[in-house]
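Structural description and commentary
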Amino acid sequence: MKRRELVTRVLIAVAVVFAVGTPLYFWLRTPLIHAKIAENGGWSPDVLLARPGEPLHLRLTSDDVVHSFAVGKTDMQSVDVLPGKVTDVTLTFDKPGTYTFYCTRWCGLNHWRMRGTIQVGDPASTVAAGAAPTAGKVDVPLYVTLGLDIDSPHDSPLVPGVRPSAADGEELAADSSVSKFIDPDFYRTHSPYQAWRELRNTSSYSGLSDQQIWNLVAFIWRSNTTAEELASGRKRFAQNCAACHGENGAGHGVFADQLTAAGQASMKTMAGAKDMRRQTPANFADAKRMLGASPALLQGKILRGGMGTGMPSWGPIFTQDQSWDLVAFLYSFPFLYQE
Amino acid sequence: MNRIELTRNPLIKGALKNRYPQLALFVAMLVGYLFAILAGLISTPVGNQNFSIVFVWIAWWAILILVAVPFFGRGWCAVCPIPLPGEWLQRGATLDPPHRKPGWANLRWPKFLRNIWLQNISFLLLALFSTLVLTSPKLTSVILAAMLFVALGLSMLFERRSFCRYLCPVGGFVGIYSQTAPIELRVKDKRVCATCEGKPCYNGSASGYGCPWDVFPPGLSKNTECGLCLECLRTCPHDNIAVNLRPFSADLARPSARLDEAFKAFIMLGSAMIYAGILLGPWGAVKDAAYHVGTGTWYLYAGAFLAVIFVILPVPFAFCAFGSGNRHPFKKRFSTLSTALIPLGLSFWAAFSLSFVLSNGAYVLASVSDPLGLGWNVFGTANIAWFPVLTSLLAPAQTLALVGGLVWSAHTARNAAGEVHVSPIPAILYCLAATLVMLWLLL
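Values in this document were obtained by computation on a predicted structure and should not be read as measured data. (Residues numbered from 1 in each chain as written. Chains lettered and ligands numbered in written order. Predicted model: local features only at pLDDT ≥ 70, side-chain atom pairs only at ≥ 80, totals over all residues. Heavy atoms only, no water.)

Let's shift gears to the pairing of strand 5 (residues 67-71) of chain A. All names here are of chain A. With five of five residues buried, strand 5 lies mostly within the body of the structure. With burial as the criterion, each face of strand 5 is covered, one bearing His-67, Phe-69 and Val-71 and the other bearing Ser-68 and Ala-70. Of the pairings in the sheet, the one linking strand 5 to strand 6 (residues 79-81) comprises three bridges and is antiparallel in character. When the sheet's bridge partners are listed, Phe-69 is paired in strand 6 with Val-79. (Buried < 20%, exposed > 50% of the residue type's maximum accessible area, 1.4 Å probe, protein only. Helix = DSSP H or I, 4+ residues; strand = E, 2+ residues; numbered from the N terminus. Pairing = 2+ DSSP bridges.)

Now the structure itself:
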């Protein structure tokens, strides 16, 4: 073989190896976390490992639509993950444990299924990170402590004729002491109906009409929260709940309607697809449902999810405070907090 | 006719005869081609952000249809990397011919397939699945890789570039449209060839290979089958090969009378119109049907697609070729007259391509900075948001292209009709009607 033919062949081989090797090299060296709508697999990988106190660098990309990445029970601001683009995120976890990351964009009908876990191992532990995440102090939800059955019906036997107004209740409260009701221990463990019944049976309120007592209850419920907590609850509701429950809480979010129309599996009940009635997400404006539910019961439903419906479990995502804020906000649907 | 012989210039001739500049281009293209295959497989599946989609279906297509074909004819074929690996193996060399003959099968291509019907079929197959192919990087990669392997396999089985000549889905239309280009490779003096011994331009010699496109250069009268590979320029012992600049569409003055080429013209005309309708038009249901390959509605779409190309377009055109007492057979009249559809089809494709190139061209900027979707920003353009380019010029440019194409095709129709002694008026009216439909689809 002539020398120049040999040199040319070597140069061509180098060029081909370069063309194939370079992309493969960089691709293998750059692990990305891919986001896809849940129907196509959600997060991949969906289990990440980290060590407490050590920064965890993540490179996220979306393979389809716009997603957003957030880690539950942390104060991390969610970041958008755009199709075909790479988003860099650095997280540091102080405590060992299992954290849930999730999508905060309404990316598809099964949006809420887009979740994964970050297992933060304890370097002091002999167990490898990820194999058995060290359980931190477990907050037992109040509904468990109280022994509430959150799956049984809890309708209020009585409902007000008009939406109870906290402002009207406040005027009545000026003349009558309701301070014993403005207490987290009472508020969280009683349904508005239970509070109403207690007030009704108290002789000092015997001069008030049923509606006036409902107004008092509305005032008590609002007094057990703050404007900041309501704002925080509103934000979380808009981000996580309104897709199904609707912005006005009436159970007609965009996904709910689409799922019902499509008879989609994600919202099927345990009774099967034919039981379409229960596919509709809870209507928070329904006084019967809401006035019979205590904050502890609502918090339980939020944290545990299920109920034989497509309701996700938010326990791994919301902190206790965040879930109480959300519950407080939910009562702004049956009650009139602002004129 | 007035020609300017480019190879008269010793610099140009030297650059064309020397193997290294062409080889360097070939290798650069091969590197890009392999990179595009890999990018399609490993980079983001998001089409408009993936290098393979953006560079193949937007950048390459724009260059091919708006620059390469109209100005350089088969200029793309002259640098296309697809036949390279097979050709190197077939030849047993990357440069000049080796002393020994290659040991591969070296069969002759079957006679009944010595036409572009297979290319018509391969283009139609791509066209029917195009909505998927144009948006799926993985599928694009699979097709690019498949073309490379099929070309390689055919090079091992058959002599010369049988893939390019008879199977390549792109080669067919580039061939017929290259007749319009202002560039050609021809022999200077056919009398010299008549007395040339050994015909090294076809059979090869120590200084070069016999025509890879299985063309006998002295017989070249149109660009369709000449791949501009320049081997004959290297092998001709009499310096009798010229690369000429010439007037546009010079080959169309001597119309082809082949049915396979006539149908290629209908395929190209029809698919340009269908694409304008489904990719740019407002009919969501049709677009949906085109996307959902394998469903009932897709079969309807595919049926309609084929009906447009094989019935709705050619049947009315057949009436243009009728003429009682004409001594030319109908098939010849039909095929000859269809030459008029070549400039028309090219202008349709130019108008259609302008639309999606100007609206999608900006993706090139982001893709070139982050070709593997790994978050790079090589040229600082990775995060440029999409924007349409020169949209104010789009409608006038499209109108100009279509009207120009109509005038050009009318001129060609007059010439072709004269060859087979039929009236050109019906064919011109046909072209006018098709142009009006295309104008309506685009604007």
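A complete count under the given rule lists 33 salt bridges over all chains for this structure. In this structure, A:Asp210 engages A:Arg200 in a salt bridge whose closest nitrogen and oxygen atoms are separated by 2.5 Å. Of this pair, A:Asp210 sits in helix 6 (residues 210-223) while A:Arg200 sits in helix 5 (residues 192-200), and the two are 10 residues apart along the sequence. B:Glu261 is the partner of B:Lys222 in a salt bridge, and the nearest nitrogen-oxygen pair spans 3.1 Å. Of this pair, B:Lys222 sits in the loop between helix 12 (200-203) and helix 13 (231-235) while B:Glu261 sits in helix 14 (residues 259-280), and the two are 39 residues apart along the sequence. Here B:Glu261 falls in the buried class, since its relative accessible area comes to 5%. Residues participating in the shared-partner salt-bridge network are B:Arg165, B:Lys222, B:Glu225, B:Arg258, B:Asp260 and B:Glu261. (Salt bridge = Lys/Arg side-chain N within 4 Å of Asp/Glu carboxyl O.)

Time to look at the interface of chain A and chain B. Contact residues are listed per partner, giving 24 residues for chain A and 27 residues for chain B. Each partner contributes to the roughly 2,200 Å² buried at the junction of chain A and chain B, and carbon and sulfur atoms together form 67% of this total. Counting the surface chain A buries against chain B, the share from its top three residues, A:Arg4, A:Ile12 and A:Lys85, is 22%. Across the salt bridge formed by B:Asp96 and A:Arg4, the nearest N and O atoms sit 2.4 Å from each other. If you list the elements that add at least two residues to the side of chain A that touches chain B, you get helix 1 (3-29) and strand 4 (56-62) of chain A. The element that contributes the greatest number of residues to the side of chain A that touches chain B is helix 1 of chain A, accounting for 14 residues. Considered class by class, the residues forming the side of chain A that touches chain B number 13 nonpolar, four polar and seven charged. (Contact = heavy atoms within 4.5 Å. Buried area = accessible area lost by both parts, 1.4 Å probe. Nonpolar A, V, L, I, M, F, W, Y, C, P; charged D, E, K, R; others polar.)

This paragraph deals with the sheet that holds strand 1 (residues 4-5) of chain B. Residues and elements named next belong to chain B. The strand order across the open sheet built from three strands is 1-3-2, with neighbouring strands paired in antiparallel fashion. In the strand order of this sheet, the two ends are held by strand 1 and strand 2 (183-187), each with one partner. Alignment of strand 1 against strand 3 (residues 241-245), held across two bridges, turns out to be antiparallel. Looking at strand 3, one finds that Glu-5 is bridged to Asn-244.

Below, the discussion takes up the domain arrangement of chain B. All names here are of chain B. Taken domain by domain, chain B consists of domain 1 (18-164) and domain 2 (253-442). Relative placement of domain 1 and domain 2: their C-alpha centres are 23 Å apart. Opposite the 33 residues of domain 1 that make contact, domain 2 presents 39 residues. Summed over both sides, the interface of domain 1 with domain 2 buries roughly 3,100 Å², with 77% coming from carbon and sulfur. Along the contact surface separating domain 1 from domain 2 lie zero salt bridges. Connecting domain 1 to domain 2 are 10 residue pairs in polar contact (both at pLDDT 80 or more). Going through the elements one at a time, helix 2 (19-42), helix 3 (51-72), helix 6 (117-128) and helix 7 (130-133) are the ones with two or more residues in the side of domain 1 that touches domain 2. In terms of residue count, helix 3 provides more of the side of domain 1 that touches domain 2 than any other element does, 11 residues in total. (Domains from an automatic or database assignment. Polar contact = N/O pair within 3.5 Å; in protein donor to acceptor, adjacent residues only side chain to side chain.)

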